[in-house]
Amino acid sequence: MKSKFLTAGLIAAMMVPAMAQAQTREIREDRRDVREEQRELRHAQRYGDRDDVREERREYRDARQDLRESQRDWRQDRRYSNYRAPFRYQQFRVGSTLRPNYYAPAYRPSWDNRWGVPRAGRNLTYVRHYNDLLLVNERNGRVVRVYRNHFNWRR
């Protein structure tokens, strides 16, 4: 039994640097794409017609946007990769009642439209519990909805 946990821990420890390395590789490739699109834009400005310049500007703008998104994703993943709550993991279900310290402001991530979940309504808040995302009624602490493994970012 111990060897299974040890093996799982070693695999997890090896995967984290590999994921970070893949993200930095993506950022490097996006930077290279931006430089290439910038060169093509300059070439179009010197030798192309108005339509060529317009198209190259659009491609350069798209490449810059891709780079910004990759950098933002990298920062977001770094922020959440080392998250640990000060209490043990417990699998909550809809209808469970949380103690107030479980839904304290420190565990309430600001809503992000990339999560693919609707905004919390009145008297509701999202709470992060390890990799789970819980929708909780602020008045009584009841769990309204559970998104399991929500912070294991899917790419």
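Provided above is the structure to which this section pertains.
Read on for a plain summary of the structure.

1. Considering the pairing of strand β2 (residues 132–137)
No. 1: The buried fraction of β2 is high, at six of six residues.
No. 2: A two-sided burial pattern is seen for β2, the buried positions comprising D132, L134 and V136 on one face and L133, L135 and N137 on the other.
No. 3: Two elements, strand β1 (residues 124–129) and β2, share six bridges in a ladder whose sense is antiparallel. From the neighbouring strand, L124 faces β2, where its bridge partner is N137.
No. 4: Remark: two residues form the turn of the hairpin made by β1 and β2, two consecutive strands paired antiparallel; Y130 in that turn has positive phi of roughly 55°.
No. 5: Both β2 and strand β3 (residues 143–147) contribute to a ladder of four bridges, which runs antiparallel.

2. Notes on the packing of aromatic side chains
No. 1: Applying the stated criterion across every chain, the model contains one aromatic pair.
No. 2: Here Y126 and Y147 contribute two aromatic rings whose centre-to-centre distance is 6.4 Å and whose plane-to-plane angle is 50°, an arrangement assigned as tilted. One end of the pair, Y126, is in strand β1; the other, Y147, is in strand β3, with 21 residues separating them in the sequence.

3. Some words on the environment of Y147
No. 1: Exposure remark for Y147: the relative accessible area of 13% places this residue in the buried category.
No. 2: Along the chain, Y147 and F92 lie 55 residues apart, while their C-alpha atoms are 10.0 Å from each other.
No. 3: Each residue touching Y147, except ones within four places of it in the same chain, is listed here: V117, P118, Y126, N131, D132 and L133.
No. 4: Only 3.3 Å separates the side chain of Y147 from the side chain of R145, close enough to count as a polar contact.

4. Focus on unusual backbone geometry
No. 1: Of note, the phi angle at N123 is positive, near 65°, even though the residue is not glycine.
No. 2: Residue placement: N123 occurs in the loop between α2 (50–81) and β1.
No. 3: Even without a glycine there, the phi angle at N149 is positive, about 50°.
No. 4: Mapped onto the elements of the fold, N149 is located in the segment after β3.
No. 5: Judged by relative accessible area, N149 falls into the partly exposed class, the value being 43%.

Rules behind the numbers
- Residues numbered from 1 in each chain as written.
- Predicted model: local features only at pLDDT ≥ 70, side-chain atom pairs only at ≥ 80, totals over all residues.
- Heavy atoms only, no water.
- Buried < 20%, exposed > 50% of the residue type's maximum accessible area, 1.4 Å probe, protein only.
- Helix = DSSP H or I, 4+ residues; strand = E, 2+ residues; numbered from the N terminus.
- Pairing = 2+ DSSP bridges.
- Phe/Tyr/Trp six-rings, centres within 6.5 Å; stacked < 30°, edge-to-face > 60°.
- Contact = heavy atoms within 4.5 Å.
- Polar contact = N/O pair within 3.5 Å; in protein donor to acceptor, adjacent residues only side chain to side chain.

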